[in-house]
Amino acid sequence: MSSPDSTLLSWITAEVNQALAVVRERIARFSVEPENGALLAPCPGHLHQVAGALRMVGLAGATRFCEAIEAGFNAFRQDRPGSGALQALDRAVLALRDFMEGLERGQPNLPLRLYPAYRDLAARPRRGR
C-alpha cells in the first residue's frame, strides 16, 4: 500500500487531527454530562468529513476504520451509550489520529495497525454495559 504525497498528507493530517480532537472533546464532555446526548450529535458529521478526506487521498483502510467509528456514533441515535462503548470509540479515534501522524512521519501505510482498535470497536458493549 502506498502512502499519499507528503505535502497532501501534511495538510490532510492537520484537518483530520482537528476534527478528531473535536470528537474526543465531545466524548470527554459527555462523560461528565451523560444526560446531555446532544453533546455527541455532531460527532458522526465530523467523522464523515474525516472519512471523505481519507478517501480523497487514497487511504482506503483508514477510511473504512473511520466509517466504523462513525457507525458507532450513529448507533447512539437509538441507544444510550454506555461507558464501555464510549471508551472503545475514544480509543478508536485516538488510534486513527496516531495512525495519521505516523503516516506523516514516514511510517508505511499499514492499516492493519488499526486492527486492535477495530476489534475493540466491533466488540464494544451496548446499552450502558
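(A) Geometry of the overall build of the chain. Helix and strand counts for the chain stand at five helices and zero strands. Helices and strands in the chain line up, N terminus first, as α-α-α-α-α. Its C-alpha atoms give the chain a radius of gyration of 14 Å, within 12% of the compact-globule value 14 Å for 129 residues. Taking the principal axes of the C-alpha coordinates as reference, the chain spans close to 45 × 25 × 20 Å.

(B) Spotlight on the packing of helix 3 (residues 60–74) against helix 4 (residues 83–104). Orientation of helix 3 relative to helix 4, taken along the N-to-C sense of each, is 155°, at an axis distance of 10 Å. It follows from the interaxial angle that helix 3 and helix 4 lie roughly antiparallel. You can see that helix 3 and helix 4 cross each other, and the crossing is left-handed. Here Ala62, Phe65, Cys66, Ile69, Gly72 and Phe73 of helix 3 lie close against helix 4, whose contacting residues are Leu89, Ala92, Val93, Ala95, Leu96 and Phe99.

(C) Geometry of the environment of Glu15. Tracing the backbone through its elements, the reader meets Glu15 in helix 1 (residues 6–32). Of the residues examined, Glu15 reaches a relative accessible area of 39% and is grouped as partly exposed. When the C-alpha positions of Glu15 and Glu67 are compared, they lie 17 Å apart, and in sequence the two are 52 residues distant.

(D) Focus on the nonpolar core. Leu54, Ile69, Phe73, Leu96 and Met100 are the most contacted members of the largest nonpolar core, which has 37 residues in total. When residues of this core are traced back to their parent elements, those giving at least two are helix 1, helix 2 (43–56), helix 3, helix 4 and helix 5 (115–122).

(E) Looking closely at the side chain of Thr13. Inspection of the secondary structure assignment puts Thr13 in helix 1. Residue classification places Thr13 among the buried positions, given a relative accessible area of 0%. When near neighbours in sequence (up to four residues on either side) are disregarded, Thr13 contacts Met100, Glu101 and Glu104.

(F) Local environment of a nonpolar patch on the surface. Side chains of Leu8, Trp11 and Met56 sit close together on the surface and give an oily, nonpolar patch of about 350 Å² of accessible area. Here Met56 shows up in helix 2.

(G) Focus on the packing of aromatic side chains. Going through the model one piece at a time under the given rule, you end up with one aromatic pair. Ring centres of Phe73 and Phe76 lie 5.9 Å apart, and the angle between their planes is 80°; this geometry places the pair in the edge-to-face category. Here Phe73 matches Phe76 in class, with each residue buried.

About the thresholds
- Residues numbered from 1 in each chain as written.
- Predicted model: local features only at pLDDT ≥ 70, side-chain atom pairs only at ≥ 80, totals over all residues.
- Heavy atoms only, no water.
- Helix = DSSP H or I, 4+ residues; strand = E, 2+ residues; numbered from the N terminus.
- Rg over C-alpha atoms; globule rule 2.2 N^0.38 Å.
- Axes fitted to C-alpha atoms, helices over the stretch in contact; angles between N-to-C directions.
- Parallel < 35°, antiparallel > 145°, perpendicular 65-115°, else oblique.
- Left-handed = near helix turned anticlockwise from the far one by under 90°.
- Contact = heavy atoms within 4.5 Å.
- Buried < 20%, exposed > 50% of the residue type's maximum accessible area, 1.4 Å probe, protein only.
- Core = buried A, V, L, I, M, F, W, Y, C linked by side-chain atoms within 4.5 Å.
- Patch = residues over 30% accessible without salt bridge, like charges linked within 9 Å, V, L, I, M, F, W, Y side chains within 5 Å.
- Areas by Shrake-Rupley, 256 points an atom, 1.4 Å probe, with all protein chains shown as cover.
- Salt bridge = Lys/Arg side-chain N within 4 Å of Asp/Glu carboxyl O.
- Phe/Tyr/Trp six-rings, centres within 6.5 Å; stacked < 30°, edge-to-face > 60°.

The values are spatial; any link to function lies outside them.
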